[in-house]
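Here are the chains, one letter per residue:
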Amino acid sequence: MSKITVWFIKSALVYFILAVILGLHMAVSGTQYPYMPIHAHFNLLGWMSMMIYGVGYHILPRFSGRPLYSEKLAEWQFWLANIGLVGMALGWIVKTGWGDANMLLIFSIVEALAAVFFVVNMFKTIKAAPPVPAN
Ligand code: HEM
Ligand code: HEM
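Residues numbered from 1 in each chain as written. Chains lettered and ligands numbered in written order. Predicted model: local features only at pLDDT ≥ 70, side-chain atom pairs only at ≥ 80, totals over all residues.

1. Some thoughts on the site of ligand 2
- As a structural note, the neighbourhood of ligand 2 is formed by Met 36, Pro 37, Ala 40, His 41, Leu 44, Leu 45, Ser 49, Ser 108, Glu 111, Ala 112 and Ala 115.
- Among the elements of the structure, helix H2 (36–64) and helix H4 (102–125) are those that each provide at least two residues to the shell around ligand 2.
- The greatest single-element share of the shell around ligand 2, amounting to seven residues, is contributed by H2.
- A class-by-class count of the residues in the shell around ligand 2 yields seven nonpolar, three polar and one charged. (Near = placed C-beta within 6 Å. Helix = DSSP H or I, 4+ residues; strand = E, 2+ residues; numbered from the N terminus. Nonpolar A, V, L, I, M, F, W, Y, C, P; charged D, E, K, R; others polar.)

Structure representation (structure tokens):
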């Protein structure tokens, strides 16, 4: 496994544990839980998306028989995805406490950029295999 795959899978596992802890805390708290978006996005952008990024970087180039288009882009994507998600979580805390959504907006853009980097890298990597000739 490449270091990017390992980093993404380890991050995904950490976000999963954090999201589960938040979920359990939410389950025993009152009906209005202000940090539900953090639980949701640690699960969906942290656990699920980062697991998909990590596994995707490993298997998609192999499935298409081509090397990954850019390791550098993948490395940038890793840092942007993590900085973006942690920043979004802090942004939701700031928004809940002080009503200011600017931090959430800025880190949402960072997170969205990470998603675009993954999409570009994969579009440039995957290619359909030539059709298998009949008999
Ligand atoms: C032990 C694991 C988990 C616990 C205890 C838990 C608990 C909760 C609780 C209590 C809520 C609030 C529901 C409400 O009052 O409306 C919630 C919302 C949510 N959870 Fe979890 N959850 C867990 C795992 C997951 C996982 C694995 C995912 C996704 C992969 C997930 C995605 C979400 C989402 C998207 C919402 C927001 C739903 C909405 O918009 O109404 N959760 N969770
Ligand atoms: C750059 C990526 C993303 C950004 C910036 C983003 C941002 C947001 C924001 C600002 C909300 C409103 C939360 C609130 O204040 O109530 C939201 C809700 C939601 N998003 Fe995302 N999101 C992203 C990616 C995703 C992805 C990939 C999924 C699913 C796989 C997802 C699923 C949801 C769900 C289920 C809700 C409603 C539950 C909640 O309130 O937390 N989001 N998102």
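Structure shown, so let's carry the discussion forward.
2. Re the nonpolar core
- Among the nonpolar cores identified, the biggest contains 27 residues, and Phe 8, Met 50 and Ala 81 are the most heavily contacted of them.
- Of all the secondary-structure elements, those providing two or more residues to this core are helix H1 (3–28), H2, helix H3 (71–98) and H4.
- Examining the composition of this core, we find that eight residues originate from one element, H3, more than from any other.
- Those residues in contact with Ala 81 that lie beyond four places of it in its chain are Met 50, Tyr 53, Glu 111 and Ala 114. (Core = buried A, V, L, I, M, F, W, Y, C linked by C-beta atoms within 7 Å. Buried ≥ 20, exposed ≤ 12 C-beta atoms within 10 Å, placed from the backbone. Contact = placed C-beta atoms within 7 Å.)

3. Description of H3
- The end-to-end C-alpha separation of H3 is 40 Å, in line with the 40 Å expected for 28 residues at 1.5 Å each.
- In the core, the buried residues of H3 are packed alongside H1, H2 and H4.
- Of the residues flanking the end of H3, it is Gly 99, one or two places downstream, whose phi is positive at about 75°. (Expected span 1.5 Å × (residues − 1).)

4. A few points about the site of ligand 1
- Taken together, Val 20, Gly 23, Leu 24, Met 26, Ala 27, Met 36, His 39, Ala 40, Asn 43, Leu 44 and Met 48 make up the full set of residues adjacent to ligand 1.
- Counting residues per element, the ones that place at least two in the shell around ligand 1 are H1 and H2.
- Ranked by residue count, the leading element in the shell around ligand 1 is H2, at six residues.
- Each residue belonging to the shell around ligand 1 can be placed in one class, and the counts come to eight nonpolar, three polar and no charged.

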